Structures are given as C-alpha cells and as structure tokens.
Amino acid sequence: RDLPLWPIVQLVRALADGGADGVPEIPDVFDHADHGDADSDELFWHLRRFLETKAGQRPLCIVVDDIQWGDERVRDFLRYMTRWTEGAILLVALARPNLFQRWPDWSSTSTHLELNLAPIADEHIASIARRLLADRASEHAVGYVVDASGGNPLFATEIASGQPPEAERVPR
C-alpha cells in the first residue's frame, strides 16, 4: 500500500496480540494512520510506547529497508524513535547513498552509526558467479555477472540465477 507509515503500522499489527500479554492493545489512532490523517505527535507517541512495551518483554530489532523511498512522515518517525525511545530496541535503517541527496540532514543526530558498504571486489563476485553458473560458467558469462552486478552480491546472485547473455560484456 502507498500510505504514510504503512510499513510501521504493519509492524505494529504483526507484533500486536490484543493485549493478552500485558502489552496495550493497538489504539484507535492506528486506524487513522492507515489513511494518513492521524496527528503525527499522537501517533508517534503511541507507536513508541507500544514498541517500548514490547521491548520490555524481549529485545526488539526493527529493520526498515530502503528508507530513501520513504515519505516525510517515515523520516520524521524514524528520527523521533532515535531521539525518544528507551529500552531494548535496535533500529536499523537501511538506505542507498542517495538518501543524503533527498534528506541532507539525516545524519545530524548523535544517536546513529553510519556504515558505508563498498562494492565487493570483482574476484569475489566472479567466484559467486562461477559457483552459481556451474556448467554455464564461461569467462564471458562470469564477466557479464561481474560487470552487471556492480559489486552487489545480491545482484550477482540474481543475475547468475538467470540466463546471462552471450553478447558483449556490460561496460562499467
């Protein structure tokens, strides 16, 4: 769904169990979040309180992928969580480098740790390609996977699992 905070609301719904274990039931404010018309301060407070209560029972790791595609409310919620959350919650927000083009001030909080992942070396991508291509592992096919993946092992796996063309290698 293309609604503000939809992934966050879905996370909370997945964690909710109707209050049976002492965790408050999902407040009505979440119903409004589905439609994007909930007050941000109230919604963020309820979300944070719910997650903190869950984390009081067992540590909680929340992974949000591709935050560079999130809207302003997603960004604001993640920043709110980094500033105000207490308890055993690890928030991992994954993004591509263009995050800083869209939100240059993203890293201005003191509560974050930024890890930049460089592309994997060509020889390691070639090793992945050879293993996955098996009997189709011509040097041309391996070179294609290396060039087309850009050092991303997921891309290399997906490309090698398909049918690499026997045409010219992709230029870098």
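The rules behind these values
Residues numbered from 1 in each chain as written. Predicted model: local features only at pLDDT ≥ 70, side-chain atom pairs only at ≥ 80, totals over all residues. Heavy atoms only, no water. Salt bridge = Lys/Arg side-chain N within 4 Å of Asp/Glu carboxyl O. Buried < 20%, exposed > 50% of the residue type's maximum accessible area, 1.4 Å probe, protein only. pLDDT = per-residue confidence, 0-100. Helix = DSSP H or I, 4+ residues; strand = E, 2+ residues; numbered from the N terminus. Contact = heavy atoms within 4.5 Å.

Turning next to the pattern of salt bridges. Scanning the entire structure with this criterion turns up four salt bridges. Between D76 and R75 there is a salt bridge; the shortest N-O distance is 3.1 Å. The exposure class of R75 is buried, given its relative accessible area of 14%. Residues R130 and E139 are paired through a salt bridge, measuring 3.5 Å at the closest nitrogen-oxygen approach. Among the residues examined, E139 registers a relative accessible area of 55% and is labelled exposed. Beyond isolated ion pairs, a larger network of salt bridges with shared partners links E72, R75 and D76.

Looking at the protein chain, pLDDT values average 79 and 76% of them are 70 or higher. Confidence scores differ between elements of the protein chain, with helix 2 (residues 29–33) showing the lowest mean pLDDT of 57 and helix 6 (residues 122–133) the highest of 94. Within the model, the stretch residues 167–172 combines pLDDT values under 50 with 12 contacts to residues more than four positions away or in other chains.

Moving on to the environment of G151. Mapped onto the elements, G151 comes out in the loop between helix 7 (139–149) and helix 8 (153–161). Since its relative accessible area comes to 6%, G151 is described here as buried. Residues G151 and A126 lie 25 residues apart in sequence; the distance between their C-alpha atoms is 9.7 Å. When sequence neighbours within four positions are dropped, the list of residues in contact with G151 reads P119, I120, I125 and V146.

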